[in-house]
Amino acid sequence: MAMRQTPLTCSGHTRPVVDLAFSGVTPYGYFLISACKDGKPMLRQGDTGDWIGTFLGHKGAVWGATLNTDATKAATAAADFTAKVWDAVSGDELITLAHKHIVKSVDFTQDSNYLLTGGQDKLLRIYDLSKPEAEPDVVSGHTSGIKKALWSSDDKQILSADDKTVRLWDRSTMTEVKALNVAMSVSSMEYVPEGQILVITYGKTIAFHSAETLEQIKSFEAPATINSASLHPAKECLVAGGEDFKLYKYDYNTGEELESYKGHFGPIHCVRFSPDGELYASGSEDGTLRLWQTTVGKTYGLWKCVVPEEENAEAAKARTTLPGTAEEEIEELASP
Amino acid sequence: MPVPVGVLRLPRGPEGCSRGFSPTSPRFQALLGGDAVTTTAAAQGARAALRQRYLRGLAAARGRPTRFCLRAGVRVDAVFGAADVDAVAFQVDALQTPLGVQAAALLRCADVLAYSFLLD
């Protein structure tokens, strides 16, 4: 029986959703944070999309948001020239880090002790969260505004993307290790620790590079300009979304387009797989987040597979065969 | 014909004006403990009192000539009318502008730095 995908729409934001991130799996499930141009990032339960709380405090559009692995802390990057660190359990603002320009990206180290920020002032900053008043370590070199900055290689390296380049930096020496020139403006970047894979999107291209050497592994072309892509944790498939409002699912090994889904009413700005790979979330210009099943029809979260016709057919078959079987068995036993 | 996957319910959305992070959630209780709940109750009481004072202030301003200090050093005089429920905009009457008097206007609260009016 063919099943049709039913996306779950999470409402609440009043402006475009520009970034989203999942936490790791915690004893309380996993969580999702969304960054929005309305300045009010929201925390949601990852598997259901239920709203948990809104982080109030930013005075401008929030361009980037992230959670630490156990979802106890959140960090946000905003157009009010600050990055903020929040208690993700109480919703309280913990630290405000002033910058000289719009901040676009934030990322925690695995131990949550350091925060990496990047933005329009073209500088990468590393803050020691145990000493927030201290000056951050600053890494310069980008020649245009930084769109995304991520820790990599067990927090020993940094990957950062500006308009036309992706750069790899060594954290201890604070120097550039490698740079990759990209043909068109980089729209998104995702780092996959298992396998050290870097997923970057630009134009209609979804490209996969080694996070250690920046060498390209493979790339796929989509039918429309892509704004974000995400690789499944098991690396079986990937999802991507962009300017034509649709979500595309590809086989990672063959590049074959498996599915495409309509649903959003505006361009898709961000797409991410959940940590268990069972669903993926998309954020759009239309102000909504949508959750999509990786395996359509599977019972998970709020999705429940109920197929009435099949259930009735199974029940009917059981009723007609049981008495017949018993008679046949008795005849067999009675025969010499 | 493909059957749409069934859904138990829709994801829950934000609750009114609340910022969420319920102190009664299992995660809150486990990670922040009981102390946080009692201090939160006191903080909630204080917030409620301040909110009530703010709403009374808005009600007191109604019909009074008010001076608004806006961004970029702009100052305008008008008669205070009303505020919307989220204080996103103020409705004013007789707004005095360099182009003349605007009988009725909306001022964006995000642009208002301060406003003052005389009490009798």
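- The name given to chain B in an unreviewed UniProt entry is Gem-associated protein 7, with the source organism recorded as Grus japonensis.

- Going by the annotation in an unreviewed UniProt entry, the name recorded for chain A is Serine-threonine kinase receptor-associated protein, with Grus japonensis given as the source organism.
- UniProt, in its Sequence similarities (unreviewed entry) section for chain A, records the words "Belongs to the WD repeat STRAP family."

**Quick look at the environment of Gly-283 of chain A**
Residue and element names in this part refer to chain A.
Link 1 in the chain: Structurally, Gly-283 can be placed in strand β28 (residues 279-284).
Link 2 in the chain: The exposure class of Gly-283 is buried, given its relative accessible area of 0%.
Link 3 in the chain: In sequence terms Gly-283 and Leu-150 are 133 residues apart; their C-alpha atoms lie 20 Å from each other.
Link 4 in the chain: If sequence neighbours within four positions are ignored, Gly-283 has contacts with Val-17, Leu-20, Pro-267, Ile-268, His-269, Cys-270 and Thr-288.

**Concerning the layout of surface pockets**
Link 1 in the chain: Here the largest pocket defines a volume of roughly 2000 Å³.
Link 2 in the chain: In this structure, the largest pocket is lined by 41 residues; those nearest its centre are Lys-40 and Leu-56 of chain A together with Cys-17, Arg-19 and Asp-86 of chain B.
Link 3 in the chain: In terms of residue count, helix α1 (residues 26-61) of chain B provides more of the lining of the largest pocket than any other element does, eight residues in total.
Link 4 in the chain: Residue composition of the lining of the largest pocket, grouped by class: 16 nonpolar, 14 polar and 11 charged.
Link 5 in the chain: Each of domain 1 (7-60) and domain 2 (62-117) of chain B accounts for three or more of the residues forming the lining of the largest pocket.

Reading the values: rules and limits
- Per chain, residue numbering runs from 1 following the sequence as it is written.
- Following the order in which they are written, the chains are lettered starting with A and the ligands numbered starting with 1.
- Note on the predicted model: pLDDT of at least 70 is required for a residue's local features to be given, and 80 or more for side-chain atom pairs to be given and counted; whole-chain, interface and lining totals, by contrast, use all residues.
- Side-chain descriptors were evaluated using all non-hydrogen atoms of the structure, hydrogens and water having been removed beforehand.
- UniProt positions are given in the numbering used here, feature names are shortened, and annotations may be inferred rather than shown by experiment.
- Counting from the N terminus, the helices are the DSSP runs of H or I reaching at least four residues and the strands are the DSSP runs of E reaching at least two.
- Relative accessibility decides the category of a residue: with a 1.4 Å probe and only protein chains considered, values under 20% of the type maximum give buried, values over 50% give exposed, and everything between is partly exposed.
- In this analysis, two residues are considered to be in contact whenever any of their non-hydrogen atoms come within 4.5 Å of each other.
- Here the term cavity refers to a set of points on a 1 Å grid, laid over the protein atoms alone, in which a 1.4 Å probe fits but cannot get out; the term pocket refers to an open set having protein on both sides within 12 Å along at least five of seven lines, with lining residues being those that place an atom within 4 Å of a point.
- Grid points are joined across faces, edges and corners, and a volume is the space filled by probe spheres set on the points.
- Amino acids outside the nonpolar list (Ala, Val, Leu, Ile, Met, Phe, Trp, Tyr, Cys, Pro) and the charged list (Asp, Glu, Lys, Arg) are all regarded as polar, and Gly is one of them.
- The start and end points of each domain follow an automatic or database-based domain assignment.

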